[in-house]
Amino acid sequence: MMEAQLFSEYWGIVDPERGESFDTMDATQRSQIITLIDEIYAKSSYTVSEASTIPGTDNYAVTVTVNPINVLDLANVGYEAASDALWAKYENATMDQYAAYSREYTELVLSLVKAQMGNSGYLDPQTVTVRIEKDANASYSMNLDDLDAIDMLVIHYPET
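A.B. asks: Just give me the short version of a nonpolar patch on the surface, but keep the residues and values in it.
C.D. replies: The grouping of Met-142, Leu-144 and Leu-147 at the surface amounts to a nonpolar patch, some 280 Å² of accessible area in total. Within the fold, Leu-147 resides in helix 5 (residues 144-154). Owing to a relative accessible area of 34%, Leu-147 belongs among the partly exposed residues under this scheme.

Below, the structure written as structure tokens:
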């Protein structure tokens, strides 16, 4: 699940520059992240306009208005103090202790986000035009870049 991987990289749970990846992290924590992302996505809010023809083509366009979920913004408020306290505990950790720190850090992030699920709301709506394109077999499908643009708006990732 791409969103769970993005979530893990955003929070620094995995660091690809150190050879870490979402696929190789602790399976239990990976499952917890996927479950949390599913819970966040269940709160997604969007509207879709009626399709209109794109002039000069057999293709269509729809406007999708997405209300980005702000749960990560809310979790980010308490992040610095909590992560500083955890770092202080492991500041002089050995490589053998890094695994414990990593597990505890993941639990910290999960708890911060879960604690804000009931308080979450939406940021200002964002609009994306999605193309519905006819292929060589006369089948229609959504443009994947446009679909990705919608996906990137559902959960707001605050600037760090």
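There is more to say, and it comes next.
A.B. asks: Talk me through the pairing of strand 4 (residues 126-134); I want residue IDs and the actual numbers.
C.D. replies: Note that strand 3 (residues 60-67) and strand 4 share seven bridges and pair antiparallel. Bridged to Tyr-60 within strand 4 is Ile-132. Bridge count between strand 4 and strand 5 (residues 140-142): three bridges; the pairing is antiparallel. Bridge assignment links Glu-133 to a residue of strand 5, and that residue is Ser-141. Hairpin geometry of strand 4 and strand 5 is characterised by an intervening segment of five residues between the two adjacent antiparallel strands and by a positive phi of about 65° at Ala-138.

A.B. asks: Explain the pattern of salt bridges residue by residue, including any values.
C.D. replies: Counted under the stated rule, the structure contains five salt bridges. Among the salt bridges present, the one from Lys-134 reaches Asp-58, with a minimum N-O distance of 3.6 Å. Of the two residues, Lys-134 is situated in strand 4 and Asp-58 in the loop between strand 2 (52-53) and strand 3; the sequence distance between them amounts to 76 residues. For Lys-134, a relative accessible area of 36% gives the class partly exposed. What makes Asp-58 partly exposed here is its relative accessible area of 48%. Residue Glu-104 is joined to Lys-89 by a salt bridge in which the shortest nitrogen-to-oxygen separation is 2.9 Å. Of this pair, Glu-104 sits in helix 4 (residues 95-116) while Lys-89 sits in helix 3 (residues 71-90), and the two are 15 residues apart along the sequence. Assessed through its relative accessible area of 29%, Glu-104 is described here as partly exposed. One continuous salt-bridge network, built from bridges that share partners, spans Asp-15, Arg-18 and Glu-20.

Conventions used here
- Residues numbered from 1 in each chain as written.
- Predicted model: local features only at pLDDT ≥ 70, side-chain atom pairs only at ≥ 80, totals over all residues.
- Heavy atoms only, no water.
- Patch = residues over 30% accessible without salt bridge, like charges linked within 9 Å, V, L, I, M, F, W, Y side chains within 5 Å.
- Areas by Shrake-Rupley, 256 points an atom, 1.4 Å probe, with all protein chains shown as cover.
- Salt bridge = Lys/Arg side-chain N within 4 Å of Asp/Glu carboxyl O.
- Helix = DSSP H or I, 4+ residues; strand = E, 2+ residues; numbered from the N terminus.
- Buried < 20%, exposed > 50% of the residue type's maximum accessible area, 1.4 Å probe, protein only.
- Pairing = 2+ DSSP bridges.

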